[in-house]
Amino acid sequence: MDWKFLEGLLSGVNKYSTGFGRIWLSVVFVFRVLVFVVAAERVWSDDQGHFQCNTRQPGCTNICYDYFFPISHIRLWALQLIFITCPSFMVVLHVAYREERERKYKAKHGEDARLYDNPGQKHGGLWWTYLLSLFTKTTFEMLFLYLLNYIYDSFKLPRKVQCDASPCPNLVDCYISRPTEKTVFTYFMVGASVLCVVLNICEILYLIAARVVNRKYRGSNRASSRKVHAAASAGCDGCKSSLVHD
């Protein structure tokens, strides 16, 4: 998998992210993608080759391996990284759509005309797109954590498993290679995933709180401007009535 291509695409997302979003992107690439590429893939490289059972029955070892490992941790994590990063492209595409509208608007009304104050500013539809991407990423994170725990019953890999699936002649013992090392990496990746979920939730709360505060601020400004306008109108009416009286 070409992770550099993914990094190049996500670097554009960083420009439109909040502080929480930038931290999330750093955690994804430093603690997940980098660890995945540099270390985790090598730890699981001998996964099936060193999975041994105490029988020489042809096909028994393969069947037992497929029974206990229906999908490799590495492939599951690769899918997880793809699914949690793709929603961020929704923001990039929305900004690109705004920039194209801005370009057409300037071409029609002149270079001084502006349709948006800043196409990358999270207002209106872009705010909803950004919020939707956060909800989608959080949902995928929690879904993959559930799948990992559901498939393997635990995040801890056992040293020995027992299998009696056909064509095994009886209940056989099978041994996983380097279970302690794989358990350490599993807990590390799970911890990084949980941290990303926490960052996403914090960013969601931050966006909602900022939106509420911004609306209250605008409402107070409108109310004060109306009071000033009403006072000015009342003053003018008083001036007119005094002039008529005189």
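Residues numbered from 1 in each chain as written. Predicted model: local features only at pLDDT ≥ 70, side-chain atom pairs only at ≥ 80, totals over all residues. Heavy atoms only, no water.

### Some points on empty space enclosed by the protein
A complete count under the given rule lists two cavities of 30 Å³ or more for this structure. The computed volume of the second largest cavity comes to approximately 50 Å³. Along the walls of the second largest cavity sit R32, W77, Q80, F144, L145, L148, M189, V190 and S193, which together make up its complete lining. Of all the secondary-structure elements, those providing two or more residues to the lining of the second largest cavity are helix 4 (73–85), helix 6 (125–152) and helix 7 (179–245). For the lining of the second largest cavity, the class distribution of residues is six nonpolar, two polar and one charged. (1 Å grid on protein atoms, 1.4 Å probe; cavity = no way out; pocket = protein on both sides within 12 Å on 5 of 7 lines; lining within 4 Å. Points joined across faces, edges and corners; volume = space filled by probe spheres on them. Helix = DSSP H or I, 4+ residues; strand = E, 2+ residues; numbered from the N terminus. Nonpolar A, V, L, I, M, F, W, Y, C, P; charged D, E, K, R; others polar.)

### Some words on the layout of surface pockets
The calculated volume of the largest pocket comes to roughly 340 Å³. The leading source of residues in the lining of the largest pocket is helix 7, at seven residues. Classifying every residue of the lining of the largest pocket gives five nonpolar, seven polar and five charged. Contributing to the lining of the second largest pocket are Y67, F68, F69, I151, Y152, D153, S154, K156, L157, P158, V161 and I176. Going through the elements one at a time, helix 3 (60–68) and helix 6 are the ones with two or more residues in the lining of the second largest pocket. Taken together, the residues of the lining of the second largest pocket sort by class into nine nonpolar, one polar and two charged.

### Describing the UniProt feature "domain: Connexin N-terminal" (unreviewed entry) in the protein
When the UniProt feature table is mapped onto this chain numbering, "domain: Connexin N-terminal" (unreviewed entry) sits at residues 42–75. What you have in residues 42–75 is 41% helix and 6% strand, and the ends, taken at the C-alpha atoms, are 13 Å apart. (UniProt positions renumbered as here; feature names shortened; annotations may be inferred.)

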